Amino acid sequence: MISLNLAKRIPQISASKMALRSSSNFKGFVETQNFINGERCKPITSTNTYENLNPAYGTSVGKFGLSNKDDVNKAVQSSLEAYKKWKDTTSSERSAILRKAALILDQNKDDLAVMETIDTGKTITESGYDVDSVVEALNYFASLSYNLNGEQIPVSPKVLSYTVREPLGVCAGIGAWNFPISNIAWKTLPALICGNTFVYKPSPFTPSTSTAFAEIMSMAGLPAGVLNVVQGEGDVGAALCDHADVAKVSFTGSIATGSKVMAACAPSIKKITLEMGGKSPLIIFDDADLDNAVQGALMANYVTQGEVCSNAARVYVHEDIFDEFLKKTEHAVRNLKIGDTMDKSATIGALISQEHYDKVSGFIERAKKEGAHVVCGGEKVDFGAGSSNNNGYYLSPCLMDNCTDDMEIIREEHFGPVMCLLKFRDESDVIKRANNTNTGLSGGVFSKDISRAHRVIRKLNAGACYINTYNMYPIQIPFGGHKRSGFGSENSTTVLNHYTQLKSVYVELGDVDTIF
C-alpha cells in the first residue's frame with residue numbers, strides 16, 4: 001500500500017480516526033500550499049492569506065497563502081518546460097501513470113473524503129462518492145489515452161490524406177467549490193492524456209484536495225511541472241486567462257465570472273470550455289411512478305445541500321397528481337437527516353459559508369413576500385444546546401408551493417436546498433415554460449410513456465437531460481450546457497476534442513498536380 005501519510009497533513013487523523021472525525025475539534029490541516037514543479041511551495045512574494053473555514057462548525061481549519069501573478073508565471077513556466085517532453089510521451093506511459101494514481105487515491109480515499117467534507121460542508125458519505133468517482137475517472141481516462149486517433153481520408157489512388165490530433169500546450173483550469181476533487185480530475189485528466197500540461201486554480205473556499213490530488217499524481221510518476229496547482233482568488237484566475245503561454249482555459253462557476261473569463265481569453269483567441277449555472281426544469285407527468293418521481297425530485301434539489309449547478313429547482317407537476325406528489329414529497333423532505341458532516345447517516349450537510357447561507361435565506365424570504373408558500377424547511381437548524389453544529393451554516397431543506405414563473409426564486413439560480421413546485425396541465429405549455437430561461441444546463445422528465453418522455457426531452461433546450469432519474473454523472477457521458485450555461489463538454493470521449501487540435505496532412509504520391 002502507498003500512503004500519502006495524510007496524518008501529517010491532518011494531525012488529528014490518528015489511531016482513533018472515527019472519534020476525531022466526529023469531533024468539532026478537527027481543526028488542523030497543515031498550511032495548504034501551492035504545488036508547483038513537483039512539490040508543495042508557498043507563494044513567492046504575496047503575504048496575503050485566506051482563512052479556510054469548516055462549514056459544519058464555522059471554525060477555522062487554517063490559513064493558506066494567496067498567490068499572485070508571480071506564482072502564476074512560475075507555474076506556467078514550469079508547465080511550459082514540462083510540455084516539451086510530456087507531449088512526446090506514449091499513450092502507454094500516460095495511461096500507466098493514471099492507473100497508478102487511481103490505486104494510490106483509492107488507498108487513501110477515506111482521508112481524502114474527510115478533507116473534502118471539511119472544506120465543502122457536504123456529508124462524509126457524499127464526499128466518499130466523489131472520491132470514488134475520481135478513482136473511476138482516472139481509470140477511464142487511462143483507457144481513453146489509447147483513443148487519440150486520426151483518420152485516413154480517401155482522395156484518390158495517388159494521394160494519401162490523413163489527420164492527427166495534437167496537444168494544445170499549457171492548459172489552465174479554474175474550479176468551483178461544490179465538487180473540488182471532482183473538478184480537478186474532470187479538467188486535468190483529459191488534458192494530460194492528450195499530451196498537454198496543466199495549471200489549476202481551485203476555489204479559495206476549498207483548497208485542500210486539489211493540492212493532495214496533484215501530489216498523488218506526482219507520486220504516481222507524473223513528471224514535475226506537468227500538473228501545477230496555484231491557490232488564490234479572482235486575480236489568479238485573471239492572470240491565467242491573460243497569460244500569453246496558456247493555450248486553453250476550462251472554467252466552472254457562475255455566469256457572471258464565466259463572462260469575464262470569456263472576455264479575458266478573447267484577445268489572445270484562447271480555446272475555452274465554460275460550465276456555468278442553470279435554472280433547470282423537472283417535468284413530472286400524471287402517469288409518472290410517483291415514488292420514483294419524488295426520489296428524482298430529491299436528487300434534483302438536495303444533493304450537496306442544493307449547491308449543484310444542474311439542479312432542477314423548478315419542478316413542474318401535472319395538476320392531476322399535484323396534491324399527492326406534494327404530500328409524498330413533504331414527507332420525504334421532512335425525513336431527510338440533517339447532521340454533523342462526519343456522521344455517515346446524515347444526508348444533508350452545511351452550506352459553504354455564512355455569506356452563501358444569507359444569500360439562499362434571502363431568496364426564501366423574498367419568495368414568501370411574492371406569495372410563495374413554504375411547506376417545510378428553509379430555517380436555521382437548531383442542533384440543541386451546546387452543539388458546535390449550531391455555529392455551522394445549516395439550512396433545513398426547503399419545499400415551496402404556490403410558486404409562479406415570474407417569481408425571482410423561479411427565474412434566478414439560488415444554489416441552495418430549495419425545491420419549488422409549480423402546476424401544469426398542457427404538455428406544449430409546460431415545455432414553453434421550461435424553456436423560458438436564458439440558461440440551459442439540464443432538464444428532466446418523469447413519465448411511463450417513453451415516447452412522450454423522448455418527445456419532451458427533444459424539445460428541452462438543455463445540454464444534460466434525464467428521463468425517470470436526475471443528477472447522474474457517469475464519466476462516460478458528456479456534461480455541458482446550452483445557451484448561457486456555457487459551451488464545450490467535460491467527460492466522455494467528446495472531451496478529447498476540447499484538448500487537442502486537428503492537423504490534416506495531404507501527401508502526393510505522384511507528380512505535382514499543378515495548374516501551371
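This text goes with the structure placed above it.
This section reports on the structure supplied with the text.

What counts, and at which threshold
- Residues numbered from 1 in each chain as written.
- Predicted model: local features only at pLDDT ≥ 70, side-chain atom pairs only at ≥ 80, totals over all residues.
- Heavy atoms only, no water.
- Helix = DSSP H or I, 4+ residues; strand = E, 2+ residues; numbered from the N terminus.
- Rg over C-alpha atoms; globule rule 2.2 N^0.38 Å.
- Buried < 20%, exposed > 50% of the residue type's maximum accessible area, 1.4 Å probe, protein only.
- Areas by Shrake-Rupley, 256 points an atom, 1.4 Å probe, with all protein chains shown as cover.
- Lys, Arg positive; Asp, Glu negative; His and termini not counted.
- Charge placed at Lys NZ, Arg CZ, Asp CG, Glu CD.
- 1 Å grid on protein atoms, 1.4 Å probe; cavity = no way out; pocket = protein on both sides within 12 Å on 5 of 7 lines; lining within 4 Å.
- Points joined across faces, edges and corners; volume = space filled by probe spheres on them.
- Nonpolar A, V, L, I, M, F, W, Y, C, P; charged D, E, K, R; others polar.
- Core = buried A, V, L, I, M, F, W, Y, C linked by side-chain atoms within 4.5 Å.
- Contact = heavy atoms within 4.5 Å.
- Patch = residues over 30% accessible without salt bridge, like charges linked within 9 Å, V, L, I, M, F, W, Y side chains within 5 Å.
- Salt bridge = Lys/Arg side-chain N within 4 Å of Asp/Glu carboxyl O.

**Details of the overall build of the protein**
In terms of regular secondary structure, the protein is built from 16 helices and 21 strands. Whereas a compact globule of 516 residues would reach a radius of gyration of roughly 24 Å, the protein reaches 24 Å, a difference of no more than 12%. Seen along its three principal axes, the alpha-carbon backbone of the protein occupies a region of about 80 × 60 × 40 Å. Counting the 516 residues in the protein, one finds 56% classified as buried. When the accessible surface of the protein is summed, it comes to about 20900 Å², and 51% of that surface belongs to carbon and sulfur atoms. Separation between the mean location of the 51 positive side-chain charges and that of the 57 negative ones in the protein comes to 2 Å.

**Overview of the layout of surface pockets**
Within this model, the largest pocket holds a volume of roughly 1300 Å³. Along its surface, the largest pocket is lined by 50 residues, and F251, G253, S254, I255 and T257 are the ones closest to its centre. Put simply, the parts of the chain that give the lining of the largest pocket at least two residues each are α9 (234-242), β9 (246-252), α10 (255-265), β12 (314-318), α13 (354-369) and α14 (408-411). For the lining of the largest pocket, the leading source of residues is α10, giving six residues. For the lining of the largest pocket, the per-class residue count stands at 19 nonpolar, 17 polar and 14 charged.

**Some details on unusual backbone geometry**
For N468, which is not glycine, the phi dihedral falls at a positive 60°. Positionally, N468 belongs in the loop between β18 (464-467) and β19 (482-483). Of note, N491 is a non-glycine position whose phi angle comes to about 70°, a positive value. Relative to the helices and strands, N491 is located in the loop between β20 (486-487) and β21 (500-508).

**Quick look at the nonpolar core**
The biggest cluster of nonpolar side chains holds 53 residues, and the ones touching the most others in it are L105, L138, F141, L189, F213 and M217. Mapped onto this core, the elements with two or more residues apiece are α3 (69-86), α4 (91-107), α5 (109-120), α6 (124-144), α7 (180-193), β7 (197-201), α8 (208-219) and β8 (227-229). With 10 residues, α6 is the single largest residue contributor to this core. Apart from the residues lying within four places of it in its own chain, the contact partners of L138 are L98, A101, A102, L105, L189 and M217.

**Quick notes on a nonpolar patch on the surface**
On the surface, a cluster of nonpolar side chains totalling about 280 Å² of accessible area is made up of I153, V155 and Y506. As for its position among the elements, V155 is in the loop between α6 and β5 (159-167).

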